[in-house]
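# Observations on the three-dimensional arrangement
The primary structure of each chain is shown beneath.
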Amino acid sequence: MIRGPILPQLREGLWSIVSHRLTLVEHGLELVMEGLDCSGGQLGVVDGLARDAAGAPVLVLLAVDGDALLIARTLAVADFAARVGEALAAAVPEARFCAGALPRVIVVGTEASRSSLEQVARLPIPGLQVCRLEPFRIAGSERFAVLWMTTAAAGVVGAAQVTSPPREFAVPAGREAEWRHLREQCQRIDPGVRFDGDRHWQRITWNGSLLGELWSERDALFGRARLGAADPLRRELRTETDLRQFTDRLLRAFSLAAGLEKTSAAPEPAPASERLAATRHAAAGRGATPAGESLRSMLATMRLSPEEYSALGGTALAAGEQTEAAVVADRAAAVDAARSPAKPA
Amino acid sequence: MASGKGGTGKSFLASNLAIAVHRLGRRVCVVDCDFGLANAHLLFGVNPGYTMQHLLDGVATAEQVVSATPHGPSLVAGGSGIAAMAELGPRHMQALARALHQIAAAHEVVLLDCGAGLAPQSLITVLAAPHAVVVTNPEIAALTDAYALVKCLVRQGACPEVHLVVNRVVQPGMGQQACERLQTVSSRFVGCDIHYLGEVPEDPAVSFRRLGQPPLLSLPECATSRAVMGIARAMLELEGDRGRPTSSVEARMMAQIRRW
């Protein structure tokens with residue numbers, strides 16, 4: 001059987017595929033609007049305006065075969081992004097961009113437009129990212145791999161390096177120390193622990209097994225260890241305690257992946273839920289290390305934030321202090337009604 | 001069975017749930033871990049010769065402190081009114097851990113009736129269990145304290161699965177509403193998923209009953225009894241679905257005691 005290219009070559013067909021899968025190009029990338037014209041119609045339009053995981057605007061350009069204006073359009077778009085800067089967020093409020101976030105440009109193409117992409121990748125434009133989609137079929141379904149031709153810092157790479165350069169994780173401001181600490185801890189778990197991903201999302205793997213994920217949202221850093229299908233617990237990594245608990249869970253995931261867990265208890269495989277329970281309780285042992293936070297000190301520092309109080313009280317509590325009294329009064333009235341002689345005692 | 005606030009009805013629920021679980025065919029034991037203010041033996045209407053105090057003092061063994069009740073479940077009575085019991089140290093907690101291990105081995109279901117609040121002794125006993133049933137009332141104060149307890153448990157890194165029972169509900173559905181609020185806040189701020197077990201209605205007939213006459217036996221058809229039976233079934237389903245943890249209760253408690 002003869003098959004043609006899996007990805008369509010016409011702009012409309014390619015865009016219909018790419019626009020629905022932007023999150024594969026970069027984790028959290030979401031299309032918000034289409035057809036941005038920043039050159040007075042002379043150079044065509046930007047195919048998509050997207051919002052990344054950090055809430056920053058991303059101008060997405062599509063490169064197709066025979067697009068003679070691609071370089072000129074890329075230059076115009078990059079110039080527009082630099083000129084408009086953070087004002088773009090205010091100008092398109094419906095896109096809900098994060099205030100103060102600067103726009104950047106991503107050019108997406110296919111093998112057919114490879115030569116054009118390589119030329120674009122050589123443009124000395126800060127922040128420009130260029131990627132090529134490599135289609136393939138697996139189990140009867142069509143997929144595409146994203147091959148980056150520039151680094152996040154817009155360092156231009158040669159064609160020979162096309163598939164290799166990992167993109168740097170955009171560590172949220174003020175979270176650099178946590179990021180460094182986490183990487184150090186993971187290296188202590190095992191030198192084979194790897195980080196890979198994109199600007200806003202990183203996978204933590206060991207020997208091909210997924211141990212956890214790490215991602216940034218706005219200015220916060222989140223992590224989730226993969227201890228099983230039933231472990232949806234995601235944690236914001238703010239304090240040393242958060243980091244320690246997260247690395248504890250990563251260690252646990254590592255011991256499961258490496259088969260170290262088998263030596264400890266069950267003679268036969270336990271169901272996933274049971275393993276989860278065991279996981280939680282075994283973690284207690286690590287919490288008991290001398291370096292760990294003591295129970296009393298943890299209790300001494302336990303506070304509920306005003307946001308937590310407010311959320312527990314809902315809108316009613318926020319409206320006034322008498323809400324709790326009103327609830328109690330309602331309850332007392334209801335109890336009195338229930339105690340009335342008409343009711344069986 | 002735990003709560004952030006006192007007086008939410010933990011001991012009442014523990015005793016009646018134990019009877020319900022016994023009726024559903026399980027070998028069940030209630031351990032009154034409300035050190036210093038224990039009252040489960042009053043609810044069961046028994047006066048055991050040995051209590052938790054004897055166990056912790058080394059005077060009695062784990063087998064000796066487990067006493068039978070006329071309603072079916074076994075009971076380990078606490079030391080009511082003994083001030084020293086409220087300030088147990090690590091050595092006492094280790095003794096308790098060893099005893100709980102033996103008690104757990106001899107029963108299918110063990111209900112730990114823990115003390116209210118965030119004292120280390122209470123937390124350690126809660127963290128020893130694979131499932132923590134937080135008992136609260138629909139009022140804001142009780143909900144806030146329940147959330148504080150959940151937050152504390154989650155921060156331990158060895159958090160049991162958290163379930164919620166809303167007691168003293170005056171209108172049907174209030175428990176669900178209270179739970180949804182707590183679920184939202186817990187999920188948003190501490191990433192904890194709380195499982196709702198059910199609500200127990202406020203019932204004057206139950207409130208004014210005599211001690212030693214659990215409503216499940218004296219008023220089996222009242223709304224409270226029906227609700228308790230429903231919660232007991234839900235709890236046993238949990239046990240069936242999720243199985244027992246492979247690590248022992250003693251190991252889990254010792255891990256927490258080392259952090260004291």
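These numbers were taken from a predicted model, which means no experiment stands behind them. (Residues numbered from 1 in each chain as written. Chains lettered and ligands numbered in written order. Predicted model: local features only at pLDDT ≥ 70, side-chain atom pairs only at ≥ 80, totals over all residues. Heavy atoms only, no water.)

Taken as a whole, helix α5 (residues 114-121) of chain A has its buried residues at Ser116(A), Leu117(A), Glu118(A), Val120(A) and Ala121(A). Along its buried surface, α5(A) packs onto β3 (57-63), α3 (70-84), β4 (104-110) and β5 (129-138) of chain A. (Buried < 20%, exposed > 50% of the residue type's maximum accessible area, 1.4 Å probe, protein only. Helix = DSSP H or I, 4+ residues; strand = E, 2+ residues; numbered from the N terminus. Contact = heavy atoms within 4.5 Å.)

All names here are of chain A. Here the structure, examined in full by the defined rule, presents 13 salt bridges over all chains. Two residues, Glu26 and Arg104, come together in a salt bridge whose shortest N-O distance is 2.6 Å. Taken together, the positions of Glu26 in the loop between α2 (22-25) and β1 (30-36) and Arg104 in strand β4 put the pair 78 residues apart, joining distant regions of the chain. Neither residue differs from the other here; Glu26 and Arg104 are each classed as buried. As a salt-bridge pair, Arg224 and Glu213 come within 3.5 Å of each other at their nearest N and O atoms. Highlighted residues: Arg224 in strand β10 (residues 220-225) and Glu213 in strand β9 (residues 209-217), separated in sequence by 11 residues. Beyond isolated ion pairs, a larger network of salt bridges with shared partners links Glu111, Arg114, Glu118, Arg132 and Glu134. (Salt bridge = Lys/Arg side-chain N within 4 Å of Asp/Glu carboxyl O.)

Here we come to the packing of aromatic side chains. All names here are of chain A. Inspection of the entire model under this criterion finds four aromatic pairs over all chains. Ring centres 5.0 Å apart and planes at 85 degrees place the aromatic pair Trp206 and Phe254 in the edge-to-face group. Linking Trp206 in strand β8 (residues 201-206) with Phe254 in helix α7 (residues 240-257), this pair joins segments that are 48 residues apart in sequence. The pair formed by Trp206 and Phe254 is uniform in burial state, with each residue classed as buried. A network of ring pairs unites the aromatic residues Phe169, Trp179 and Phe195 as a single cluster. (Phe/Tyr/Trp six-rings, centres within 6.5 Å; stacked < 30°, edge-to-face > 60°.)

Residues and elements named next belong to chain B. Look at helix α6 (residues 120-127) against helix α12 (residues 249-257): their axes get within 8 Å of each other, and the N-to-C directions meet at 145 degrees. Considering only the axes of α6 and α12, their crossing is right-handed. Note on element contacts: α12 touches α6 through Arg252, Met253, Gln256 and Ile257, opposite Ile124, Thr125 and Leu127. (Axes fitted to C-alpha atoms, helices over the stretch in contact; angles between N-to-C directions. Left-handed = near helix turned anticlockwise from the far one by under 90°.)

For the rest of this paragraph, the subject is the sheet that holds strand β5 (residues 131-136) of chain B. Residues and elements named next belong to chain B. An order of β5-β6-β7 is seen for the three strands of this open sheet, with the pairing classed as parallel. Every interior strand has two partners, whereas the edge strands, β5 and β7 (195-201), have only one. Geometrically, the sheet is characterised by an average inter-axis angle of 20 degrees between neighbouring strands, direction not taken into account. One ladder, built from six bridges, connects β5 with strand β6 (residues 161-169); its direction is parallel. Residue pairing for β6: His131 is matched across the bridge by Glu161. (Pairing = 2+ DSSP bridges.)

Helix length check: helix α6 (residues 176-189) of chain A, at 14 residues, gives a terminal C-alpha distance of 20 Å against a target of 20 Å (1.5 Å per residue), a fit within 8%. If you follow the buried residues of α6(A), they end up packed against β7 (193-197), β8, β9, β10 and α7 of chain A. (Expected span 1.5 Å × (residues − 1).)

A few words now on the pairing of β7(A). Residues and elements named next belong to chain A. Two strands pair when backbone bridges link them, and β7 and β8 are joined in this way by five bridges, in the antiparallel orientation. Bridge assignment links Val193 to a residue of β8, and that residue is Trp206. Between the end of β7 and the start of β8, which pair antiparallel, lie three residues.

Another point: the sheet that holds strand β4 (residues 109-114) of chain B. All names here are of chain B. The four strands lie next to each other as β2-β3-β1-β4, forming an open sheet whose pairing is mixed. Each end of this open sheet is capped by a strand with a single partner; those strands are β2 (66-68) and β4. Pairwise comparison of adjacent strand axes, ignoring direction, gives a mean angle of 25 degrees for this sheet. Inspection of the sheet shows strand β1 (residues 28-33) paired to β4 by six bridges, in the parallel sense. Its bridge partner being in β4, Asp32 is matched across the sheet by Asp113. Those strands touched by helix α1 (residues 10-23) are β1 and β4, and its axis lies near 170 degrees from that of β4.

Let's shift gears to the environment of Gln129(A). All names here are of chain A. In this fold, Gln129 is placed in strand β5. Put simply, Gln129 and Val108 are 21 residues apart on the chain and 8.6 Å apart in space, counted from C-alpha to C-alpha. There is a polar contact of 2.6 Å between the side chain of Gln129 and the side chain of Arg104. (Polar contact = N/O pair within 3.5 Å; in protein donor to acceptor, adjacent residues only side chain to side chain.)

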